[in-house]
Amino acid sequence: MKQLLCSVLAFGLVTAVSPAAVCATEGTEPPAAYYEAVQTDTLANWPQGPAIYAESGILVDLDTQEILYSKNIDKQLYPASITKIMTTLVAIESSSPEEPVTFSQHALDSIEWDSSNIGCRLNETLTMEQCWYAMMLNSANEVCCGVAEHISGSIEAFVEKMNQKAAELGCTNTHFNNPHGLNDPNHYTTAHDMALIAQAAFQNDTVRKVASTVSYTLPATKNNSARTITMGHKMLNPDSSNYYPGIIGGKTGYTSKAGNTLVTAVEKDGVRLIAVILKSSSTHYTDTKALLDYGFELVKQQGSAAQTGTSSGTASGTSSSVSGPGTSIQTGWKEDETGWYYVKSNGAKASGEWLQIEGEDYYFDDNAYMATGWRNFTDGSWYYFHSTGAMAKNVWVEDNDKWFYLGSSGAMLTNTTTPDGYQVDESGAWVS
């Protein structure tokens, strides 16, 4: 991936209160990592980025691949459970949602049981889709091992697929040695490589749906009663003080050697950013918020420059004009004779992608027009978009005299009982 850097205004950004000042107020000295250099700060005419407590951090525009913030992004560190972004991506690309995954003794014995798990038992069976949610929401380590064995025949063979995928994505400083991220000297990555992995993952419709779900219920099995699992990423939870609007996916991680790690993807006004934090000490949410606030303010000022025709220095030191004098980029919703479309802040139409706009999820087809009606995506699930374009969630929809229920993730429920107690068949239709 090209390490492109966009043209920005030379004037300063609006910044929050310095974390160092907060530490001083609380009588706590920031760690040494807080004072380490931010590489993007050394670029000509580049607005100074926030100091973060973590040893490594990166902020990237998901769509343009521009690196907006860089601190030790090629330093090899332990990833912990953000490993599961790659595990889930490979699993989704290598399986179908309904495949049964049965847990062997070897899969159960391959983890430390004082680490994250959902208590799977010998010969218990989950669907592959249920496993995706267990891995990303509850960070279930034994589920990672069961999925690996199911797809590749062995954990080792699946990990090799993970490493092959990393190489395909351009990762040069990453090596996976397990599918879950528990401490291993031969299991490491960098913030830059994790941004590449996250970019690929959150371009996948199914990964994005799973990784933005706050709560999911695993139905009862022969071995376990029903289990409700919740997303560990607190910035996704509206009830949390760490909540950050617009998150489209993310994953937390922690081990004794990795410290806190965090990957977060956010969409706001058609702009999608990815923040990666490695090796922090309970400051991962503070650091991530600082990067996201900085990034969106940066993009906002870029838009102002484009609309006024202002030019500025670029990161490479060459001169560039954001747009010609008197021209402007009109962003937001637009309508023509074909339908509605959305122009992002970089001037490009949203196409073949999801956007969250004012709290609602929209999908834009490959022709760049807003989706309405039924859509079937790569995970095999059906979704319904109202005439307004907003995705239906937790609601019944009538179609050709049949009723269908769209769940909390937006996917149509099949072969199950809906939350309000009605049975739907394999086609999703209500069984009256």
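Predicted, not measured: the structure shown is a model, and the values here were computed from it.

Each value, and the rule that gives it
Residues numbered from 1 in each chain as written. Predicted model: local features only at pLDDT ≥ 70, side-chain atom pairs only at ≥ 80, totals over all residues. Heavy atoms only, no water. Axes fitted to C-alpha atoms, helices over the stretch in contact; angles between N-to-C directions. Helix = DSSP H or I, 4+ residues; strand = E, 2+ residues; numbered from the N terminus. Parallel < 35°, antiparallel > 145°, perpendicular 65-115°, else oblique. Contact = heavy atoms within 4.5 Å. Nonpolar A, V, L, I, M, F, W, Y, C, P; charged D, E, K, R; others polar. Pairing = 2+ DSSP bridges. Core = buried A, V, L, I, M, F, W, Y, C linked by side-chain atoms within 4.5 Å. Buried < 20%, exposed > 50% of the residue type's maximum accessible area, 1.4 Å probe, protein only.

Between helix α5 (residues 141-152) and helix α6 (residues 155-168), the shortest axis-to-axis distance is 7 Å and the interhelical angle comes to 85°. Viewed along their axes, α5 and α6 adopt a mutual orientation that is roughly perpendicular. Side by side, α5 and α6 meet where C145, A148, E149, I151 and S152 of the first sit next to I155, A157, F158 and K161 of the second. Taken together, the residues of the contact of α5 with α6 sort by class into six nonpolar, one polar and two charged.

Any two packed helices are characterised by how steeply their axes cross, that is the angle between the axes, and by the distance between the axes. Relative to each other, helix α2 (residues 83-93) and α6 sit at 100°, their axes nearing to 10 Å. What the angle tells us is that α2 and α6 run roughly perpendicular. Judged by residue contacts, T83, M86, T87, L89, V90, A91 and E93 of α2 engage F158, K161, M162, K165 and A166 from α6. Residues belonging to the contact of α2 with α6 are distributed by class as follows: seven nonpolar, two polar and three charged.

Moving on, we get to the sheet that holds strand β9 (residues 271-280). If you walk across this open sheet you meet the five strands as β2-β1-β9-β8-β7, and the pairing is antiparallel. Edge positions in the sheet fall to β2 (67-71) and β7 (247-255), since each of these pairs with one other strand and no more. Adjacent strand axes in the sheet meet at a mean angle of 5°, parallel and antiparallel pairs treated alike. Against the sheet, helix α7 (residues 191-202) engages β1 (56-61), β2, β7, β8 (259-268) and β9, with an angle of about 140° to β9.

Before going further, it helps to spend a moment on the nonpolar core. Formed by 87 residues in total, the largest nonpolar core has its most connected members in L59, I118, V143, V263, V276 and L292. When sequence neighbours within four positions are dropped, the list of residues in contact with L292 reads L59, M235, Y244, T264, V266, L273 and A275.

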